[in-house]
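Listed here are the chains, written in short residue letters.
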Amino acid sequence: MSQMPQPAQLSACPTCDEPPQAGDRYCDQCGADLAAAAASAAQTPGDRPVPPRLNGAAWSPHPEPEPDDYELAAPAPDDYELAAPAPDGYELATAAPDGYGQPADPRAAGALGAPEAAPPTETGTPAEIDTGVNASTHTSAATSTGSMAGTGTGAGPRLPGGEHRPRCAACQEGTIDQDGYCERCGHAQARERDHMESELEGIAAASDRGLRHHRNEDAFAVSAAELPDGSPVMVAVVCDGVSSATRPDDASAAAAHAAGEALRTSLPRGAHPQQAMNEAIVAAAEAVNSLALDTGAAAAHHEGQRHQNAPACTIVSAVVTSDILTIGWVGDSRAYWVPDDRTAPPARLTEDDSWAAQMVAAGLMSEAEAYADERAHAITGWLGADAYELEPHTASYKPDRPGVVVVCTDGLWNYAESAEQMARAVPSDARSRPLNTAQILVGHALDGGGHDNVTVAVVPFPAAPGRAGSA
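Residues numbered from 1 in each chain as written. Predicted model: local features only at pLDDT ≥ 70, side-chain atom pairs only at ≥ 80, totals over all residues. Heavy atoms only, no water.

With an unreviewed UniProt entry as reference, the protein chain is termed Protein phosphatase 2C domain-containing protein, source organism Streptomyces mordarskii.

The following block contains the structure:
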């Protein structure tokens, strides 16, 4: 009878020195292709050096697809309205009617051994850092290109003969396919979005792929500008791609860029923060909707394809001035208020568009019962071509003391759900060290299990004079 060809045996894996079991084709420890390594060793001199491990190479074979973060739930009945944002017992004064008058990441720096990169700098007014589209970020998953955004492959060398595809960071010989894996040895390569950190003076954000997902489907944009009266304004946008939809990473990047651009344009012109926030979310929705039209030639055969599994994401954004903070959101990404004075209570500033939130608001279940249900994270509001009706939520608050606004995806708040839990995770010097705080919060999620992508922006309140302008 015919048999599958058996791989040649090696005494130890060439990448991690783990002794293989008889008949193993892949290393149990690091996933290296033992058959390819054995064949290579048989064809080359025994003293051929083993390619060194490079920072940025993920030593694993193709991962199994991750289960969906959450599914899209049916909308609430027409007579159902989500409750107004509950401040968790902390009373914030309403805004005036006329508006407004580093410790290293434990996974990336510890496991990957990546050096700390210097913060990026952009010139011009207003300043902006925007991930995914026209990004200026530095990544902890180091690449040979330095602190600025690199190729996303984790390898700098290029192949000879005019080829433009990068070499594999693991075997140094294979080329990288479109999915980010070596065509020769199968190793996953580090992507630019696996871990990102960005900082302007007075505002910072960080994002990480997490420990269970094969890619980062979150995105963020942070910027600083000046209002017409010369006072500063800080903007943070955080988006979370819906994994059960098509191209969730593209959806989050498009939404973050569009919303950040809209706010950065309208606020310096004197737009009221809540109106500007509403328009920014609408712009983000339009950007995500446009992705449904960009599905390739196959989509042209049927008009219904436009709405089938269309790209989708959630969004939450914060605008902070010298006296008012404004929040806008759709979906289950959240914003929290954490005062400097920890004797004062913190607050959650958003109410989820989710099945669990609906059950609690309708009085059908307690919060503990609702979030223990397997349907808890099914979202009832999102940005995307197949969203039923776009209803941006906006709210303005006027805190009576300094503090920080934490804007995040559920990859963080799953490990610090209540306002009190989030406040305990935020360091006491958060307002003066926003990037360090963002890094610590990402680490908190990774230490908790890192089951999802995690993204957080930290925005100090009030926005201090002199922090607008160039980064």
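1. Section: the pattern of salt bridges
To keep things clear, this is the line we draw: Salt bridges are identified by distance alone: a Lys or Arg side-chain nitrogen within 4 Å of an Asp or Glu carboxyl oxygen. In this description a helix means any DSSP run of H or I spanning at least four residues, a strand means any run of E spanning at least two, and both kinds are numbered starting from the N terminus. Burial classes follow relative accessibility: with a 1.4 Å probe on protein chains only, a residue under 20% of its type's maximum area counts as buried, one over 50% as exposed, and anything between as partly exposed.
Scanning the model with the defined rule gives 13 salt bridges in all. A salt bridge links arginine 431 to aspartate 340; its shortest N-O distance comes to 2.6 Å. Remark: aspartate 340 occurs in the loop between β10 (334-339) and β11 (347-348) and arginine 431 occurs in the loop between α8 (419-425) and α9 (434-447); sequence separation between them is 91 residues. On the accessibility criterion, aspartate 340 (28% relative accessible area) is partly exposed.

2. Re helix α4 (residues 273-293)
As a reminder, the rule being used: To estimate how far a helix should reach, multiply one less than its number of residues by 1.5 Å. We call two residues in contact when some of their heavy atoms are within 4.5 Å.
Helix length check: α4, at 21 residues, gives a terminal C-alpha distance of 31 Å against a target of 30 Å (1.5 Å per residue), a fit within 8%. Of the positions making up α4, those classed as buried are Pro273, Ala276, Met277, Ala280, Ile281, Ala284, Ala285, Ala287, Val288, Leu291 and Ala292. On its buried face, α4 is in contact with α3 (248-266), β8 (312-320), β9 (325-330), β12 (383-384) and β13 (393-397).

3. As for the nonpolar core
Rules: We define the nonpolar core as a collection of buried residues of types Ala, Val, Leu, Ile, Met, Phe, Trp, Tyr and Cys that are connected through side-chain atoms lying within 4.5 Å of one another.
With 32 residues, the main nonpolar core has Val237, Leu263, Leu267, Ile315 and Leu383 as its most contacted residues. Elements supplying a minimum of two residues to this core: β6 (218-226), β7 (232-241), α3, α4 and β8. In this structure leucine 383 touches Ala255, Ile281, Ala284, Ala285, Val288, Pro311, Ala312, Cys313, Ile315, Val330 and Leu390, once residues within four positions along its chain are discounted. Formed by 30 residues, the second largest nonpolar core is a distinct cluster that contains Tyr336, Val338, Met359 and Trp413.

4. Let's talk about the sheet that holds strand β15 (residues 454-461)
Stated formally: Two strands qualify as a pair provided that DSSP identifies no fewer than 2 bridges between them.
Pairing is antiparallel in the open sheet, where 6 strands are placed in the order β4-β5-β15-β14-β10-β11. A strand with exactly one partner marks an edge of an open sheet, and here the two such strands are β4 (195-200) and β11. Bridging between strand β14 (residues 403-408) and β15 involves 6 bridges; their strand directions are antiparallel. In the sheet register, glycine 403 faces β15, and the bridge partner there is phenylalanine 461.

5. Observations regarding the pairing of β8
Burial within β8 is extensive, with 9 of its 9 residues counted as buried. Covered by surrounding structure in β8 are Ala312, Thr314, Val316, Ala318 and Val320 together with Cys313, Ile315, Ser317 and Val319, the residues of both alternating faces. Both β7 and β8 contribute to a ladder of 8 bridges, which runs antiparallel. Bridge pairing links glycine 241 to cysteine 313 in β8. Two strands pair when backbone bridges link them, and β8 and β12 are joined in this way by 2 bridges, in the antiparallel orientation.

6. Focus on the environment of alanine 423
One can find alanine 423 in helix α8. Along the backbone, alanine 423 and proline 339 are 84 residues apart, and their C-alpha atoms lie at a distance of 8.3 Å. Not counting chain neighbours up to four residues away, the residues in contact with alanine 423 comprise Val338, Arg342 and Pro346.

7. Some words on the packing of α3 against α4
The line we're drawing: Every axis corresponds to a line fitted to the C-alpha atoms, with the helix fit spanning only the stretch in contact, and the corresponding angles, defined between N-to-C directions, vary from 0 to 180 degrees. The sense of a crossing depends on the near helix, which, turned anticlockwise from the far helix by less than a right angle, makes the crossing left-handed and, turned clockwise, makes it right-handed. Gly falls in the polar group here, along with every residue not listed as nonpolar (Ala, Val, Leu, Ile, Met, Phe, Trp, Tyr, Cys, Pro) or charged (Asp, Glu, Lys, Arg).
Taken N-terminus to C-terminus, the directions of α3 and α4 make an angle of 145 degrees; their axes are 8 Å apart at the nearest point. As α3 packs across α4, the resulting crossing turns out to be right-handed. Contacts between α3 and α4 involve Asp250, Ala251, Ala254, Ala255, Ala258, Ala259, Ala262, Leu263 and Ser266 from the first element and Ala276, Met277, Ala280, Ala283, Ala284, Ala287, Val288 and Leu291 from the second. For the contact of α3 with α4, the residue count by class is 15 nonpolar, 1 polar and 1 charged.

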